[in-house]
Amino acid sequence: MFNEEIKLFGILDVRFTDIVDILLISCVIYCFFLIFKGTRAVQMFFGVLLVVGAWFLSLLFDLRGLAWLIGGMGALGLVVIVIVFQPEIRGMLTRIGQIANVFSIKTMFFKPSGLEEITEKIVDAILELQKKTHGALIVLEKRVGLRSYMDSGEIVNGNFSKKLLCTLFYPGTPLHDGAVIVLRDKILAAGCVLPMPTGAAAAELSGGMRHRAAKALAAETDALIIVISEETGYISIAYRNSFRTRQSKRELEEEIKRHWKELYED
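Residues numbered from 1 in each chain as written. Predicted model: local features only at pLDDT ≥ 70, side-chain atom pairs only at ≥ 80, totals over all residues. Heavy atoms only, no water.

Caption draft 1: Structural view of the sheet that holds strand β6 (residues 186-192). Ordered in space as β4-β6-β5-β3-β7-β8-β9, the seven strands form an open sheet in which the pairing is mixed. Taken across any chain shown, the strands that pair with only one partner, and hence form the sheet edges, are β4 (154-159) and β9 (242-244). Each adjacent strand pair in this sheet contributes to an overall mean axis angle of 20°, direction not counted. Here five bridges tie strand β3 (residues 136-140) to strand β7 (residues 224-228), and the two strands are oriented antiparallel to one another. Each bridged residue has a counterpart across the sheet, and for Val139 the counterpart in β7 is Ile225. Running at roughly 25° to β7, helix α7 (residues 115-131) makes contact with β3, β7 and β8 (235-239) of the sheet. Contacts from helix α12 (residues 249-265) reach β3, β5 (179-183), β7, β8 and β9 within the one sheet, and its direction differs from that of β7 by about 155°. (Pairing = 2+ DSSP bridges. Helix = DSSP H or I, 4+ residues; strand = E, 2+ residues; numbered from the N terminus. Axes fitted to C-alpha atoms, helices over the stretch in contact; angles between N-to-C directions. Contact = heavy atoms within 4.5 Å.)

Shown next, in the form of structure tokens:
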């Protein structure tokens, strides 16, 4: 059945296995370019293609001297390629190994939402700040835009990373006293000034400046605000009209996933 030939466009005799073979080769070539994208290997690969093209032309036009020269160089070509492409080849094999480690039926058919990964990164960064007793005020934006508060600080718009967040809250840096606003896997802004409660509301609230600002913003928006106390190192969470302190790692993870679940399901 698989070796039965069919007429393609009424001209070519094609077997089912030939179609599968072509698809597999296409996938391999695509993955090759994807892995080496952005590296010097891409330019070098096209250089090799030019040399091969020159060799074919020398054969076509009977340029014996040029064909002999390129042919002689080709004898050492494989060794040269292995030496020159050594870092890229090592990186490619490492990536293939990483893909094999995380391969599963679920990831084959369903694209991960990214919520688990970003939650892990945020919690890891918060625990690092807590360990160093660095005060922090982190706002996880949801549906309600926080542009007015972003404008009060410095626009970052960078990919979230533990190093970046810890640097922003390092004591003595210009932005460490303000709030950092995060949406999905992006740090949007840092050093932001949040609203402070006034009047009767101010009299009812207790805690330091970060805690009071977190409570005030939570009452106005649907953001989840995480506070790390400089004095005690306690992690607190403000959302809507609730404020909970001494949050554990597990509680923090659950709150972040619950907060952003709708965004990542859209």
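That was the structure; now back to the text.
Caption draft 2: Representation of the pairing of β6. The buried fraction of β6 is high, at six of seven residues. Bridge count between β5 and β6: four bridges; the pairing is antiparallel. The residue bridging Val182 from the neighbouring strand is Ile187, located in β6. Connecting β5 to the antiparallel partner β6 that follows it, the hairpin turn spans two residues, and Arg184 within it adopts a positive phi of roughly 55°. (Buried < 20%, exposed > 50% of the residue type's maximum accessible area, 1.4 Å probe, protein only.)

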